[in-house]
Amino acid sequence: MVVLSSQTTNGSHTVEIRIEPQEFWKALEDAYIENTDKIVVPGYASGLAPREEIEKLYGETVLFDEALDLCVPRLYGEYLQKNKIRPVGRPQLTAVTWMEGGGAKFTVTCDLYPEVTLGQYKGVEVSASRNEEEAFTAEALLAACRNMEGEPPQAMVSRKLEAMLAKEKMKVGQDAIYHLLSDFTAVLEAAYQETEVFRPKAQIQAEALDVMLQTVSADNQEVSPQKFHELIRELVEHYRFLPHGFDETIERLMAERGEKRRRMTDEEKIDEAFEAYLGSIEQTVGLWKENNTERARDAARFDLLLTAVADEEKLSLSEAEVLQVFEKIAEETGLELEEVMAQVEEQPVREQLLRDKARQFIVDHAKEKKL
């Protein structure tokens, strides 16, 4: 690996790195070993075709992308570690050029972790009693954060906002009432379209909520089909004369909705439920993000504080602590431990564990104010 150039501008770092021919050859060999069982070569059983035969059949560059996927993160990671550079968010691969005579060069840009100056974080005075654990913790962290100098970059705020949005979606997705509301909205919208009535999405969502409240039993366990038909008819008839057999049309639309829902992924169902939830409070995803940006900025500032404290106090983790997190995820998701470890990035887990330790350090060293 050879660093051809590097530049830091306005909190962003760009580096151009050359992959030497022998490094790329090794990456090609690793890519062959990892992907040979996925490539069909006539006359050879799965995974047994020589690399030369694969390249002869599919071209010399057949494994180039896979090789880059292996060596670029490794070489870039070595560069970051050697130069003690801490990126925020995911670095962006902005250019790849194949070199004459073998090898390649690539350019990566990342936002840099901001400089932070810690104020007093050890021994901050708190007016709340330690017996009021939640209030004591919040006040101790807030005091330490106020004493810190440093602001999170926009990339860090955006990443925190997306994490908050994902958490909110999962919370809403666990509430059956919003899945039901998304069904009501879809059927009502389809009923309007059948009669060529065009209504704004926000108004359809509001009407669907009203229909659901009048149709679903108090314990949210049963839906009255008769009441549902009646209310849908009333809404559509307000704009159009109902065609003959409109009740059968509603039944068809409900059946089509049910069939579509059976084909949807869990993620698609959650997205629809969240959209229905936002409609019920007269919001959109864009408005939700706008309303929660400052909360995300505050959360990012707390991350800056806790990471800086972890660095200052040289807090560390044992492998057992990291493994425990993966085991908990496996238990909660029902996946095998090996599958979880393959799918979940380890570095963010380590960073969060260190922040958790820093949070506890601040709280443990905080003092109750003397009256």
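A brief report on the enclosed structure follows. Note that residues are indexed from 1 along each chain, following the sequence as it is written. Given that this is a predicted model, residues contribute local features only at a pLDDT of at least 70 and side-chain atom pairs are listed and counted only at 80 or more, while totals for whole chains, interfaces and linings are drawn from all residues. Processing note: side-chain calculations cover all non-hydrogen atoms of the structure and skip hydrogens and water entirely.

### Quick notes on helix α1 (residues 21–35)
Each full turn of the α-helix corresponds to 3.6 residues, which orients residues three or four apart in the same direction. Each helix is a run of H or I in the DSSP string that is no shorter than four residues. Each strand is a run of E no shorter than two, and both are numbered from the N terminus. One fewer than the residue count of a helix, multiplied by 1.5 Å, yields its expected span. Look at α1: 21 Å from first C-alpha to last across 15 residues, which is about the 21 Å you get at 1.5 Å a residue. Buried residues are those whose accessible area, probed at 1.4 Å on protein chains only, stays under 20% of the maximum for their type, while exposed residues exceed 50% and partly exposed ones sit between those limits. Among all positions of α1, only Glu-23, Phe-24, Ala-27, Leu-28, Ala-31, Tyr-32 and Asn-35 are buried. Where α1 is buried, its residues touch β2 (12–19), α2 (51–58), α3 (64–82) and β3 (87–98). We call two residues contacting when some pair of their heavy atoms lies within 4.5 Å.

### Some details on the pattern of salt bridges
For this analysis, a salt bridge means a side-chain nitrogen from Lys or Arg found within 4 Å of a carboxyl oxygen belonging to Asp or Glu. Considering all chains together, one arrives at 31 salt bridges under this definition. Note that Glu-162 and Lys-289 form a salt bridge whose closest N and O atoms lie 2.7 Å from each other. With Glu-162 in helix α5 (residues 154–173) and Lys-289 in helix α11 (residues 285–312), the pair connects residues that are 127 residues apart, well separated along the chain. Taking relative accessible area as the criterion, Glu-162 reaches 40% and is therefore assigned partly exposed. Here Arg-359 ties to Asp-356 by a salt bridge, and the two come within 2.9 Å at their closest N and O atoms. With Arg-359 and Asp-356 both in helix α14 (residues 346–365), this residue pair falls three residues apart, about one helical turn. Given the relative accessible area of 29%, Arg-359 is considered partly exposed.

### Quick look at α14
Taking 1.5 Å per residue as the helical rise, α14 with its 20 residues ought to reach 28 Å, and the 29 Å between its terminal C-alpha atoms agrees with that figure. On the buried face of α14, the contacting elements are α4 (133–146), α11 and α12 (319–333).

### Description of the packing of aromatic side chains
Aromatic rings from Phe, Tyr and Trp, with only the six-membered ring used for Trp, were paired whenever their centres fell within 6.5 Å, and each pair was classed as stacked if the ring planes differed by under 30 degrees, edge-to-face if by over 60, and tilted otherwise. Per the counting criterion, the structure on display carries nine aromatic pairs. For the pair Tyr-121 and Phe-361, a centre-to-centre distance of 6.3 Å together with 45 degrees between the ring planes defines the contact as tilted. Of this pair, Tyr-121 sits in the loop between β4 (104–112) and β5 (125–126) while Phe-361 sits in helix α14, and the two are 240 residues apart along the sequence. With 4.9 Å between their ring centres and 70 degrees between their planes, Phe-184 and Phe-228 make a pair best called edge-to-face. With Phe-184 in helix α6 (residues 176–194) and Phe-228 in helix α8 (residues 225–237), this pair connects stretches of sequence that are 44 residues apart. When its relative accessible area of 3% is taken as the criterion, Phe-228 is described as buried. Taken together, the aromatic side chains of Phe-24, Phe-64 and Trp-98 make up a single cluster linked through ring pairs. Here, a charge over a ring means that NZ of Lys or CZ of Arg falls within 6 Å of the ring centre while also lying within 35 degrees of the ring normal. Sitting above the plane of the Tyr-113 ring, Arg-86 keeps its charged end 4.9 Å from the centroid.

### Thoughts on the sheet that holds β2
Note on pairing: two strands pair once DSSP finds at least 2 bridges between them. One open sheet accounts for four strands, arranged β1-β2-β4-β3; its pairing is antiparallel. With one partner strand each, in any of the chains shown, β1 (2–9) and β3 form the two edges of the open sheet. If you compare each strand with its neighbour and ignore which way they point, the axes differ by 15 degrees on average. By the bridge criterion, eight bridges tie β2 to β4 in an arrangement that is antiparallel. When the sheet's bridge partners are listed, Glu-16 is paired in β4 with Thr-107. Here the axes come from fitting lines to C-alpha atoms, over the contacting stretch only for helices, and the angles between their N-to-C directions go from 0 to 180 degrees.

### Considering the environment of Ile-270
The topology assignment puts Ile-270 in helix α10 (residues 266–280). A relative accessible area of 17% places Ile-270 in the buried class. Separated by 101 residues in sequence, Ile-270 and Lys-169 place their C-alpha atoms 6.7 Å apart. Not counting residues within four places of it along the chain, the set of residues in contact with Ile-270 comprises Lys-169, Met-170, Gly-173 and His-179.

### Looking at a nonpolar patch on the surface
A patch is a set of surface residues, each over 30% in relative accessible area and not in a salt bridge, joined within 9 Å for like charges and within 5 Å for the nonpolar side chains Val, Leu, Ile, Met, Phe, Trp and Tyr. Each accessible area is a Shrake-Rupley estimate made with a 1.4 Å probe; only the visible protein chains count as cover when residues are assessed. A cluster of nonpolar side chains, namely Val-40, Leu-57 and Tyr-58, defines an oily patch on the protein surface of about 320 Å² accessible area. Examined against the element boundaries, Leu-57 turns out to sit in helix α2.

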